[in-house]
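# Secondary and tertiary structure notes
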Amino acid sequence: MLLIRCPYCEAERPEVEFTYAGEAHIARPADPSALSDDEWRDFLFIRTNPRGRHFERWRHMHGCGRFFNAVRDTVTDKFAMTYKAGTPRPGDEEIALASASAAADSAASVKDARP
Amino acid sequence: MSNFRIAGKGRVNRSRQLRFSFDGVDYTGCEGDTLASALLANGVHLVGRSFKYHRPRGILTAGSEEPNALVGSNRGNGRFEPNTRATVLEVFEGLKTESQNRWPSLTRDIGAVNDALYVLFSAGFYYKTFMWPKSFWDKVYEPVIRNAAGLGKAPTAPDPDTYASRFAHCDVLVVGGGAAGLAAALEAGRSGASVILCDEQSELGGSLLSEPTAEINGQLAWDWLEDANAALAAMPNVTVLPRTTAIGYYHQNFVGLCQRLTDHLRIVPDGAPRERMWKVRAKQVVLAQGAIEKPLVFAGNDRPGVMLAGAARTYLNRYGVKVGNRAVVVTSHDSAWHAAFDLAKAGVEVTAIVDVRGTVPTQLVTAADALRIRTLIGWTVTGTKGRLRVSSVRVNPVTAGGKVGGAETIACDALLMSGGWTPSIHLFSHTQGSLTWNEDGQMFLPGRGKEECRLAGAGKGRFGLKAAFEDGAAAGAAAAADAGFSTQPATYHVEGEPSFTGVTGRELPTDLDPGHAKAFVDFQNDVMAKDIRLAVREGFKSIEHIKRYTTNGMATDQGKLSNINGLAVASDALKRPIPAVGLTTFRPPYTPTSFGTFAGYNKGALFEVTRKTPIDGWAEENGAAFEPVSLWRRAWYFPQVGEDMHAAVARECKAVRASLGIFDASTLGKIEIVGPDAAEFMNRMYTNAWTKLAPGRCRYGLLLGEDGFIRDDGVIGRLAQDRFHVTTTTGGAARVLTMMEDYLQTEWPDLKVWLTSTTEQWSVIALQGPNARKLIEPFVEGIDLSDGAFPHMAVATGKIFGVPTRLFRVSFTGELGFEINVPARYGRAVWEKLFEAGQRFGITPYGTETMHVLRAEKGYIIVGQDTDGTLTPDDAGLAWAVGKTKPDFVGKRSLSRPDMLAANRKQLVGLLTSDPKTVLEEGAQIVLDPNQPVPMDMVGHVTSSYWSAELGRSIAFAVIQGGRSLQGKTVHVPMPDKVHAATITGMVFVDPENTRLSA
Ligand SMILES: [Zn+2]
């Protein structure tokens, strides 16, 4: 079970308090009627589905109720950072900084378990 | 009865003799015995039949990895469990156990004919045999497989036990209480960190329990252990959990522990849970799971009496039991020599030690000579004999060139084998930690980890007591340091520990045809070496495919004994090195775990919340039958004496149409939408136009997904310019609110709107029927109920019986109707008043079934029953509810996608059967031509179907391709009894002119 930091509550909480809400940064077009059928199809159905870094939405359903965004690795499931809805997609540097400080918070980084 | 207990050996309490039974025969064991050790003490080796071939099987191990000795255990008072591992089950007074997978008896088993037919059951036999002919599947294969499937008998009665669960947090979790785990826990405990130490056995110690003569820091092992236990007990920051298995290692150091609390007790204290699931979040984890001994692969390695050498040593040293009188040892590892020495010193005749290695440490041979044990170095084992117990072993010399010489037969009643040791990396694997192949040790070792986790001792290939202690202490100290504590790891001096070198063998060489050798790799799933070779010959190259084709490693022991041997056989057959063949993935749980442990408290009434309305109690007292609707339980119908459901529903329907019915509609989802932008928000969410809806009026609202398909509907009242009272379907309330919140928070955060769930704040009483107004008029204050002032689809606030109300004039029946919303706490009182006052109109309580019939008669749909997430408003005949002039709403753009406008979409229509008495099955498929060949072209299905008492015939809704253009056409509905003809009609069967609504 993952631990997820809610950027509104500013606290780490167990996964059972949260619900997943799909890929992030897919804004609803201001005027859908201006989109071609293909563009509208892409908005509706086409997602990046990456192996690795994924920008995604979560909701602190059983907490503050807010939707927020997260950067998570789909291979390790690890969260690099979470941030409030409406803030722009963070860049590489910002993500690296955030995950480094998170790692420092949890005392030590990943250990090599070689004998 | 023979007694194999040896005086002066073991840790069991001989002054506490316990009677237990196995297959109806009474035996005696000692306190501290497992069922396996107690049976062996009585000379019983044969304990079960194998899964596929029904071969007689004995006890192979002394631990939780046991693949053979699975029994049915009866702990009394309805507590029965199949497939209990005899090596784990602790004996208590009165325990009853039985063997499995045999008929009529363990010694005479009919199913053993499979053993003679083994050629038929080779690798992939399921896939090959059952391909043809097709008709054999139903009549022959399926029943045979069902009959043969599974080992034990599942209990038929409900589990009488309760189960508990608990969350826990700690600085350091240590998994495994052997030498390494104890050292780690002592270290972390001394540092002041909060520590949980769990071990699957009944007492801590691990291999120390089988190693009484080793000396640790000048103390005998068991004395040291006693002091270590006392030291841990004295630390308030340390929690020790024996009989507790770490079953799974999940993200961010979340580890599941299954603690067994009462299985070993004769009398279970009242209310005591049988097992407890610990959900531990640890800052640091130390895995000290030790290593598991590997069997050797040779013909006849599965007979009762053939056992792992380490297990024999444990039975001797820990339980004081000798596993036979005449033992032969076959090994590729030093450790088995020490088992031979211990047994010989305890008086067992060890006839020979067969070591398949070309050379062995000389001190071993010297020690064997001193005990007069014959040593056969560089020999192989090529067979065993003995039907229900091994009686002899066939051995051959192997030349340096690999040639197998002439055979010799040695009599024995126990054959002890060791193929080396496999580090237990299971939990580490759960974390997706990488594994590296260690060529010297022929084993996989933990590589790079992904969690805050360390391994220690034999679990990471550091074999031997001294190495385990030191590695454990270092890991414990480092884990504590990473958790913010500090300590200096203690040093350990160990004397008298056995040497520990060896090789991992392949399948042992033989002079006989290996294609006929019954050399088992996976004992629990009956997979032989030749099965794996056959899989390779048939083209399987990936170990994942070989595993599934042969079922090697797929039994409940997850290949703890068989994985590496299987891999070695596959590697030889593929002529590729083991790391290139790969290792299959270990998954939780580490050992079989009861469903009860996972369920915990969530069973019976606590399995799922049952939501009840404030009026539910009245319904119960008045004899309602109930049905579940999402999490709610709703009154289904109110049968009177002698009535079945059909009669009750017919009576309730008639009462509503003729006079007056009363219905608890409290479960309707309710959302209050408030704010200066409330109307704008409504415009964007719902298909309808809301701007012009006057306060005091209601409108039917239709909600789509962004894909254009119907998601929900309900009547929505505008209470004020900035306030809407939205209702949703009973099951859709939470979903709709989540969808609204999503749009409001993330797409339109600029809108000034607040959303509040008010479902449980209001009790809703529906009064339906021509006398509805007459009933409430005298009791309502502040609202003019006349049709002119308060027409159909009006809403107003006022009082009823002095209680504040939001009164809706709405109808889901087609009759004059009101929905009386009162604060939830007044719901039952108002209901009772209405019921009392309504007697003069013959007021009739009705349930959801009558509600369904009445709405269908009137052509009203139920979202989720008549729609299925693929219907557009037009498909459902609701195009009138879409605001054509609105620039945008959720789902609007999708309605003009090409497929949404296609000509032959399925449309909702009415259906009347040619035989008016036939009520179609909901879900039944519809065809145009019943005479076409199978498979027929299905054009739709029935969504709702009822008996209408009002019409004296059946009615139905269906979705049919191009349905609206087929009005009056006949379609056909194949049902189990016959094919029924039906005519496509409109959907409104009663009062199409709406005269009753505006009465
Ligand atoms: Zn929050």
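Owing to the predicted nature of the structure, the values given are computational and were not obtained by experimental measurement.

Take the UniProt feature "domain: SoxA A3" (unreviewed entry) in chain B next. The UniProt entry lists residues 517–600 of chain B under the feature "domain: SoxA A3" (unreviewed entry), expressed in the numbering used here. Secondary structure across residues 517–600 of chain B comprises 45% helix and 6% strand; the distance between its end C-alpha atoms is 46 Å.

On to the coordination of the zinc ion, then. All names here are of chain A. Taken together, C6 (SG), C9 (SG), H60 (ND1) and C64 (SG) make up the protein donors of the zinc ion, found 2.0 to 2.3 Å from the metal. Its four donor atoms give the zinc ion angles of 105 to 115 degrees at the centre, a pattern that matches the tetrahedral case. All donors of the zinc ion come from a single chain, and their spacing in sequence reads C-x2-C-x50-H-x3-C. With a relative accessible area of 2%, H60 lands in the buried category.

To continue, consider helix α7 (residues 309–317) of chain B. All names here are of chain B. Counting buried positions along α7 yields eight of nine residues, so the element is predominantly enclosed. For α7, the complete set of buried residues consists of A309, A311, A312, R313, T314, Y315, L316 and N317. Buried residues along α7 sit against α1 (35–41), α6 (221–233), β16 (291–293), β17 (306–308), α8 (334–345) and β24 (414–418).

What follows concerns the nonpolar core. Counting 102 residues, the largest nonpolar core has L173(B), L257(B), Y315(B) and L416(B) as the members making the most contacts within it. Broken down by element, the residue count for this core peaks at seven residues, all from α8(B).

Another aspect to go through is the UniProt feature "domain: GCVT N-terminal" (unreviewed entry) in chain B. Mapped onto this numbering, the UniProt entry gives "domain: GCVT N-terminal" (unreviewed entry) at residues 618–886 of chain B. In this annotation, residues 618–886 of chain B is assigned 25% helix and 30% strand; the end-to-end C-alpha distance for the span is 46 Å.

Let us look at the interface of chain A and chain B. Across the boundary between the two partners, chain A contributes 37 residues, which contact 41 residues of chain B. Taken together, both faces of the contact between chain A and chain B bury some 3300 Å²; the carbon and sulfur share is 49%. Taken together, the connections running from chain A to chain B amount to four salt bridges. With a closest N to O distance of 2.8 Å, R28(A) and D888(B) form a salt bridge. Where chain A touches chain B, the interface holds 17 residue pairs in polar contact (both at pLDDT 80 or more).

Before going further, it helps to spend a moment on unusual backbone geometry. All names here are of chain B. Omega for the peptide link from P588 to P589 comes to -5 degrees, which places this bond in the cis form. Residue position: P589 is located in the loop between α15 (578–581) and α16 (595–599). With an omega dihedral of 0 degrees, the bond running from V934 to P935 counts as a cis peptide bond. By the secondary structure assignment, P935 is in the loop between β47 (925–927) and β48 (938–948). Despite not being glycine, F801 has its phi angle at roughly 50 degrees, a positive value. Within the element layout of this structure, F801 appears in the loop between β42 (794–800) and β43 (803–809).

It is worth spelling out the confidence of the model for chain A at this point. Residue and element names in this part refer to chain A. Mean pLDDT for chain A: 90, with 89% of residues reaching 70 or above. Ranking the helices and strands of chain A by mean pLDDT puts strand β4 (residues 53–59) first, with 98, and helix α2 (residues 92–105) last, with 83. Counting contacts from residues 107–115, a segment whose pLDDT is below 50, to residues more than four positions away or on other chains yields 29 contacts.

Further remarks concern the packing of α8(B) against helix α9 (residues 362–370) of chain B. Residues and elements named next belong to chain B. Between α8 and α9, whose axes approach to 11 Å, the crossing angle comes to 15 degrees. Taken as axis vectors, α8 and α9 run roughly parallel relative to one another. The handedness of the crossing between α8 and α9 comes out as left-handed. In contact with D334, W337, H338 and F341 of α8, α9 contributes L364, V365, A367 and A368. Tallied by class, residues from the contact of α8 with α9 come to six nonpolar, one polar and one charged.

Let's shift gears to the pattern of salt bridges. Throughout the structure, instances matching the rule amount to 60 salt bridges over all chains. D38(A) is the partner of R41(A) in a salt bridge, and the nearest nitrogen-oxygen pair spans 3.6 Å. A residue pair is termed a helical-turn pair when its members lie 3 or 4 positions apart in one helix, as R41(A) and D38(A) do in helix α1 (residues 37–45) at three residues. R41(A) gets classed as partly exposed once you look at its relative accessible area, which sits at 33%. Classification of D38(A) as partly exposed rests on a relative accessible area of 47%. Across the salt bridge formed by E90(B) and R243(B), the nearest N and O atoms sit 2.6 Å from each other.

What follows is about the pairing of β43(B). All names here are of chain B. Among the seven residues that make up β43, six are buried, leaving the element largely enclosed by the rest of the structure. Of the pairings in the sheet, the one linking β43 to strand β44 (residues 817–823) comprises three bridges and is antiparallel in character. The residue of β44 that forms the bridge with R806 is N821.

Let's shift gears to the packing of aromatic side chains. Residue and element names in this part refer to chain B. Using the criterion set out here, one finds 30 aromatic pairs over all chains in the structure. Centre to centre, the rings of W224 and Y492 are 6.3 Å apart; their planes meet at 70 degrees, and the pair counts as edge-to-face. In this pair, W224 sits in helix α6 while Y492 sits in the loop between α11 (465–482) and β29 (494–495), placing the two residues 268 residues apart along the sequence. According to the relative accessible area criterion, Y492 is buried, its value standing at 3%. Ring plane angle 35 degrees and centroid distance 6.5 Å describe the contact between F520 and F523, whose orientation is recorded as tilted.

A word on the domain arrangement of chain B. Residues and elements named next belong to chain B. Taken domain by domain, chain B comprises domain 1 (1–156), domain 2 (163–291 + 423–487), domain 3 (295–419), domain 4 (519–589) and domain 5 (903–999). Taking only C-alpha atoms into account, the centre of domain 3 sits 25 Å from that of domain 4. Contact with domain 3, which involves eight residues of that partner, is made by seven residues of domain 4. When the two sides are added together, the surface that domain 3 and domain 4 hide from each other amounts to roughly 640 Å², 70% of it contributed by carbon and sulfur. Among the residues domain 3 hides against domain 4, the three largest losses belong to P295, V297 and D302. Together they make up 69% of the total. For the pair domain 3 and domain 4, the interface holds zero salt bridges. At the boundary of domain 3 with domain 4, the tally comes to two residue pairs in polar contact (both at pLDDT 80 or more). Split by residue class, the side of domain 3 that touches domain 4 holds six nonpolar, one polar and one charged.

What counts and how
Residues numbered from 1 in each chain as written. Chains lettered and ligands numbered in written order. Predicted model: local features only at pLDDT ≥ 70, side-chain atom pairs only at ≥ 80, totals over all residues. Heavy atoms only, no water. UniProt positions renumbered as here; feature names shortened; annotations may be inferred. Helix = DSSP H or I, 4+ residues; strand = E, 2+ residues; numbered from the N terminus. Donors = N, O, S within 2.8 Å, 3.2 Å for Na, K, Ca; no water. Tetrahedral: all angles 85-135°; square planar, octahedral: opposite > 155°, others 65-115°. Buried < 20%, exposed > 50% of the residue type's maximum accessible area, 1.4 Å probe, protein only. Contact = heavy atoms within 4.5 Å. Core = buried A, V, L, I, M, F, W, Y, C linked by side-chain atoms within 4.5 Å. Buried area = accessible area lost by both parts, 1.4 Å probe. Salt bridge = Lys/Arg side-chain N within 4 Å of Asp/Glu carboxyl O. Polar contact = N/O pair within 3.5 Å; in protein donor to acceptor, adjacent residues only side chain to side chain. pLDDT = per-residue confidence, 0-100. Axes fitted to C-alpha atoms, helices over the stretch in contact; angles between N-to-C directions. Parallel < 35°, antiparallel > 145°, perpendicular 65-115°, else oblique. Left-handed = near helix turned anticlockwise from the far one by under 90°. Nonpolar A, V, L, I, M, F, W, Y, C, P; charged D, E, K, R; others polar. Pairing = 2+ DSSP bridges. Phe/Tyr/Trp six-rings, centres within 6.5 Å; stacked < 30°, edge-to-face > 60°. Domains from an automatic or database assignment.

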